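# Structural features, examined
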Amino acid sequence: MQKLFLLFCLSVFFINDGYSQFTKRVVFFTDKNETTFTLNNPTAYLSARAVERRTRYNIAVDSTDLPLIARYVDSIVKSGTVVLLGRSRWMNAVMIQTSDANAIAKINSFPFVKSVANIALQSNTSITPDKFAPIPSAPATISNRIEQVLADTFNYGSSSNQVKIHKAEFLHNIGGRGQGMIMAFLDAGFFGYLTNQFFDSARVRNQFLGTWDFVAGNASVNEDNSHGMQCFSTVAAYRPGVFVGSCPESKYFLFRTEDVGSEQMIEEYNWAIGAEYADSAGVDVISSSLGYTTFDNSTFNHTYADMNGNTTVISRMADMAAKKGMLVVNSAGNDGNGTWHYIGAPADGDSVLSVGAVNGSGVIASFSSYGPTSDGQIKPDVVSVGAGTIVSSTTGTVTTNSGTSFSGPNMAGIATCLWQLFPEYNNWKIITTLHKASDKYATPGERYGYGLPNMKTAVGILVSDLSNMTASLNNITTTINWNSKDISSMRYDIERKLPSEINYTKIQSIVITGSVFANRNYQYQDNISSSSTGIITYRIKQVLDTTTATFTEFAIDSATVNLLPTSLVDINNRSKLLQLFPNPAQSTIALKFNEERTMADISIRIYNTQGQLVWKQEYNKPNGIITHSITINSLQKGNYVMLVLENGKQYAVKEFAKQ
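As a starting point, this report considers the structure included with it. These numbers were taken from a predicted model, which means no experiment stands behind them.

## A short note on the sheet that holds strand 27 (residues 626–631)
- The strand order across the open sheet built from three strands is 23-24-27, with neighbouring strands paired in antiparallel fashion. At either margin of the open sheet sits one strand with a lone partner, and together these are strand 23 (578–581) and strand 27. Adjacent strand axes in the sheet meet at a mean angle of 20 degrees when their direction is disregarded.
- Where strand 24 (residues 588–593) lies against strand 27, six bridges are found, and the strand directions are antiparallel. Within strand 27, the residue paired with Phe593 across the bridge is Ile626.

Put into structure tokens, the structure is as follows:
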């Protein structure tokens, strides 16, 4: 699913106005040969949850997981006036800050240093607007809101539309609300989250697992920019009747990686080590409302050709995060009306779920960035509500804001709930299912991607893929066994198609009693008329929601049985009343009826060993013991079964050979 990750090497940049203007650099190492860690013992450097994710999805622990060589890092720090800003196992590199020219020279002389690259200016030379800064919009209205159904698990209040446009309330109603999942938010700050009323529930239930500011190098993100807080609110808000987010029962990490005061390459590296931190901590889903195209120093600017998922640092690291098993969701960008026009990095990552923006009616927002990637990938992948999105204000009241910054996390929360219900599947399966469940899957485009995902459809796709069914025949009784995931608000319809029928007929409905969405096994037995000889097809339909007037159902599996005449039991020993000779036969074969009574509606049928009807004759037997001869010249040499029916019911079954 992911493209091969290539360890990249950046050359030292020599800037015309002086090398000394850069104070922050990344140092790449040549190897990890001296490591004392082993791939066979990953719990020494990864959390148990990170190891479990790799085990569950059959992801190999490799050299990118190994910690850096401590001696290499110590040598860098001790080379002069050097501050260690961060380290990356994935890139085998450290980020440092120094203005010490002698230290830089010494670092470049180390044999274990592969290269050194500049990543930030000494001071901000300009103020570059955040590419995903909120786009002001009108106050919240209820004119386009979908009516709240009180039977739903949550009373969403003003956020009902952005949840229900995806049928995501269905996930919540069947138990997918984020329980047991961990999300990480990479953004510019989460101003006031510690006191915001919409996160009271998350605080009380200990849903915050940790924070880190990769810009300032401390654990506090509460006083920084409010952009991340507003994005986070689309997911985690919980005040029933007022504002409920798309995934309010997950657990969360909040990471600041973006400095809104400038746009410098270091922010891509901040993002990368934030994603790496998330991986090692066992995070399931990354939600990022950031993107990069141009920088304060144009040397670092990306081109559209770079938007291929393989060129920029941040996109490579986003794909690396996906390679480690996490679902990476990133906003597509707000450049639809601008000269840049296209998505930014890392939304171009081939394993990243990038999200464009629509309004509450599902119409594309004019600011939503265009795809595809420069190498032709369909981007954005999907869309969600990003125009007039319900978010929290800085004072903890409901407001609206616009930007793919908000469509991205709304979709990330919904995807997290879906994945919670189907942990059997990996991140790529969740992405492709969201594609298939979207309204423009058959005709994807440069603005909508695959369109608006429908969560009922997504669940139907996944239960269909997960379920299996078998059917076995004993005499004229078919035993059907199947399993799937379900809950009491669902049911199964068993359908059958006989050899003489074109369409399926429902023969039974199965009520589900389980109160938790889980795997269950079922069995049903069907008695077939002996006259239905041939291929019989059964189909199981899973009705996903019996609480609505219009059922959503998916054919989750089908199976066939072949009712051969040899499968039939000779009821009441009637075969003794019929003799067949000679056997083997050549051109004719005789049937001797040992019953004297008149039999007015006899059907004589001959089948080959594949169950195919190859000869048929209707016959009225007169009174008396009668021998009736039939010509079999048209039959090929081989073995056959003769079925004799009286009034449509089995009378006798005989096997014979044609020579």
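## Focus on the nonpolar core
- Leu418, Phe422, Met455, Ile480 and Trp482 are the most contacted members of the largest nonpolar core, which has 80 residues in total.
- Take this core: its biggest share by element is eight residues, from helix 10 (residues 404–421).
- Not counting residues within four places of it along the chain, the set of residues in contact with Ile480 comprises Met469, Thr470, Ala471, Ile494, Tyr522, Gln523, Tyr524, Tyr538 and Ile540.
- Core analysis: the next-biggest nonpolar cluster, separate from the first, contains 42 residues, Ala117, Ile119, Tyr269 and Trp271 among them.

## Quick word on unusual backbone geometry
- A cis geometry characterises the amide bond from Ala345 onward to Pro346, with omega recorded as 15 degrees.
- Here Pro346 lies in the loop between strand 11 (327–331) and strand 12 (352–358).
- Residue Pro584 is reached from Asn583 by a cis peptide bond, and omega for that bond is 10 degrees.
- Along the chain, Pro584 falls in the loop between strand 23 and strand 24.
- For Asn92, which is not glycine, the phi torsion reads 50 degrees and is therefore positive.
- With respect to the helices and strands, Asn92 occurs in the loop between strand 2 (83–88) and strand 3 (93–97).
- Backbone geometry places Asn647, a non-glycine residue, at a positive phi of 55 degrees.
- In this structure, Asn647 sits in the loop between strand 28 (638–646) and strand 29 (649–658).

## Some details on helix 12 (residues 455–466)
- Taking 1.5 Å of rise per residue, 12 residues should cover 16 Å, and helix 12 covers 16 Å from first to last C-alpha, within 8% of that figure.
- With respect to burial, helix 12 is a largely interior element, 10 of its 12 residues being buried.
- Within the span of helix 12, buried status applies to Met455, Lys456, Ala458, Val459, Gly460, Ile461, Leu462, Val463, Ser464 and Leu466.
- At the N-terminal end of helix 12, a side-chain oxygen is found 2.9 Å from the backbone nitrogen of Lys456, two or three residues along, and the residue is Asn454.

Criteria and cut-off values
- Residues numbered from 1 in each chain as written.
- Predicted model: local features only at pLDDT ≥ 70, side-chain atom pairs only at ≥ 80, totals over all residues.
- Heavy atoms only, no water.
- Pairing = 2+ DSSP bridges.
- Helix = DSSP H or I, 4+ residues; strand = E, 2+ residues; numbered from the N terminus.
- Axes fitted to C-alpha atoms, helices over the stretch in contact; angles between N-to-C directions.
- Core = buried A, V, L, I, M, F, W, Y, C linked by side-chain atoms within 4.5 Å.
- Buried < 20%, exposed > 50% of the residue type's maximum accessible area, 1.4 Å probe, protein only.
- Contact = heavy atoms within 4.5 Å.
- Expected span 1.5 Å × (residues − 1).
- Polar contact = N/O pair within 3.5 Å; in protein donor to acceptor, adjacent residues only side chain to side chain.

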